[in-house]
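Structural characterization, general
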Protein chains: 2
Amino acid sequence: MRYGNHILEIVNTSDTHMTAEQIFLALKQRYPKVVLATVYNNLNTLYQNGKIRKISMEGQPDRYDKSIRHDHLVCSGCGRLSDIYLPDITAQMEQELGFSIQSYDLKIRYLCPECRKEQQR
Amino acid sequence: MRYGNHILEIVNTSDTHMTAEQIFLALKQRYPKVVLATVYNNLNTLYQNGKIRKISMEGQPDRYDKSIRHDHLVCSGCGRLSDIYLPDITAQMEQELGFSIQSYDLKIRYLCPECRKEQQR
DNA sequence: TATTAAAAATAGAATCGTTCTAGTTTAAGG
DNA sequence: CCTTAAACTAGAACGATTCTATTTTTAATA
């Protein structure tokens, strides 16, 4: 994985949630010969090794995200996705379930301030 | 939406999480002339009207689900997706966040009993 | 340093879920 | 009935992702 570290850095330092294409374009700046399939290969490997997260959103290309635990807010108006750091509820879940879990994905749907304004008209 | 009600019924009464293709095949039994694009159209409309839920899973076709509130368990071994009815944590989330939300999606990753056995070898 | 083998990258075709377009049928209201 | 809009059909098109075959790079070893 010649590009693995750089791809990981791109994903980790981005605060947006980048698509493979966007990561490819960013990587291309330093390595102009790199090809999209390579980026996919690297992303898949990083994902399988738990180094990054993958977010699938309906109708959109998958997005890649840093692996540190956090949750997501999705605005149901504009669709914008943002990070939110809520307390870990793993223990709570496990207590409810009665068995242990590996992780969880929490996606919260809301209306962002701008879309709320928009809607009030 | 000539097929709307029947599609809704298929989704609501299924305990698996059906793909558009599977729903199409089920619907075809009663309406042999129906076409996949129509099923997609209907599913999209139902989804936009909040009658059904849509679950996007990486690398797989979208799945459709009843809209009543529940959460999901995904086995990280075999990938099987199942329903789980945990208490609603909307209020808890809102308290943490300080603003109101519309809904949330909670997907819990774990190892199902069969895969746990498998792994112990 | 040269040799070799394995791993990663490249190019581009292929796949497959989903949407789109244009034409046709159906349903509802006047 | 007649008209019009909505829904459906057929099949092409699209786009994200994967696959295949080939080439390049890397790393190990002699």
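Quick notes on the rules
Residues numbered from 1 in each chain as written. Chains lettered and ligands numbered in written order. Predicted model: local features only at pLDDT ≥ 70, side-chain atom pairs only at ≥ 80, totals over all residues. Heavy atoms only, no water. Domains from an automatic or database assignment. Contact = heavy atoms within 4.5 Å. Buried area = accessible area lost by both parts, 1.4 Å probe. Salt bridge = Lys/Arg side-chain N within 4 Å of Asp/Glu carboxyl O. Polar contact = N/O pair within 3.5 Å; in protein donor to acceptor, adjacent residues only side chain to side chain. Helix = DSSP H or I, 4+ residues; strand = E, 2+ residues; numbered from the N terminus. Nonpolar A, V, L, I, M, F, W, Y, C, P; charged D, E, K, R; others polar. Pairing = 2+ DSSP bridges. Axes fitted to C-alpha atoms, helices over the stretch in contact; angles between N-to-C directions. Near = heavy atom within 4 Å. Disulfide = S-S within 2.5 Å. Buried < 20%, exposed > 50% of the residue type's maximum accessible area, 1.4 Å probe, protein only.

A closer look at the domain arrangement of chain A
Residue and element names in this part refer to chain A. Domain assignment breaks chain A into domain 1 (4-66) and domain 2 (71-120). With eight residues of domain 1 in contact, the opposing surface of domain 2 contributes eight residues. With both chains or domains summed, domain 1 and domain 2 bury close to 630 Å², and 48% of this area falls on carbon and sulfur atoms. The tally of links between domain 1 and domain 2 comes to two salt bridges. D105 serves as the salt-bridge partner of R53, at 2.9 Å between the closest nitrogen and oxygen. Here domain 1 and domain 2 share five residue pairs in polar contact (both at pLDDT 80 or more) between them. Where the side of domain 1 that touches domain 2 is concerned, the elements lending two or more residues are β2 (52-55) and β3 (63-66). The residue makeup of the side of domain 1 that touches domain 2, split by class, is two nonpolar, two polar and four charged.

Considerations on the sheet that holds β2(A)
Residues and elements named next belong to chain A. The three strands lie next to each other as β1-β3-β2, forming an open sheet whose pairing is antiparallel. Only two strands of the sheet have a single neighbouring strand rather than two, namely β1 (18-19) and β2. With four bridges joining them, β2 and β3 adopt antiparallel strand pairing. Within β3, the residue paired with I52 across the bridge is K66. Contacting β1, β2 and β3, helix α1 (residues 4-13) runs over the sheet at an angle of about 80 degrees to β3.

Section: the protein's contact with DNA strand D
Contacts to DNA strand D come from 16 residues, most closely from A:Y40, A:D62, B:R2, B:V35 and B:T38. Sugar and phosphate atoms form 88% of the subset of DNA strand D atoms that lie within 4 Å of the protein. Between A:D62 and DNA strand D, the recorded distance is 2.9 Å, taken from a backbone N or O atom to a phosphate oxygen. Put simply, the parts of the chain that give the surface near DNA strand D at least two residues each are α3 (36-48) of chain A together with α3 (36-48) of chain B. It is α3(A) that contributes the most residues to the surface near DNA strand D, four residues altogether. Each residue belonging to the surface near DNA strand D can be placed in one class, and the counts come to nine nonpolar, three polar and four charged.

A closer look at the protein's contact with DNA strand C
Near DNA strand C lie 16 residues; those nearest to it are A:M1, A:R2, A:T38, B:Y40 and B:D62. Expressed as a percentage, the sugar and phosphate content of the atoms of DNA strand C within 4 Å of the protein is 87%. Note that a phosphate oxygen of DNA strand C is positioned 3.1 Å from one of the side-chain N or O atoms of A:Y3. Contacts to DNA strand C include B:Y40, whose side-chain N or O atom sits 2.3 Å from a phosphate oxygen. Tallied by class, residues from the surface near DNA strand C come to nine nonpolar, three polar and four charged.

A look at the state of the cysteines
Per the counting criterion, the structure on display carries zero disulfides over all chains. A disulfide-free cysteine, B:C75 has its sulfur positioned 3.6 Å from the sulfur of B:C112, the nearest such atom.

Details of the pattern of salt bridges
Oppositely charged side chains may form a pair once their charged atoms are brought near each other. Taken as a whole and judged by the stated rule, the model has 12 salt bridges over all chains. Note that A:R69 is salt-bridged to A:D71, the shortest N-O span being 3.3 Å. By relative accessible area, which is 31% here, A:R69 ends up partly exposed. What makes A:D71 buried here is its relative accessible area of 0%. In this structure, B:D65 engages B:K66 in a salt bridge whose closest nitrogen and oxygen atoms are separated by 3.5 Å. Residues B:D65 and B:K66 agree in their burial class; the two are buried.

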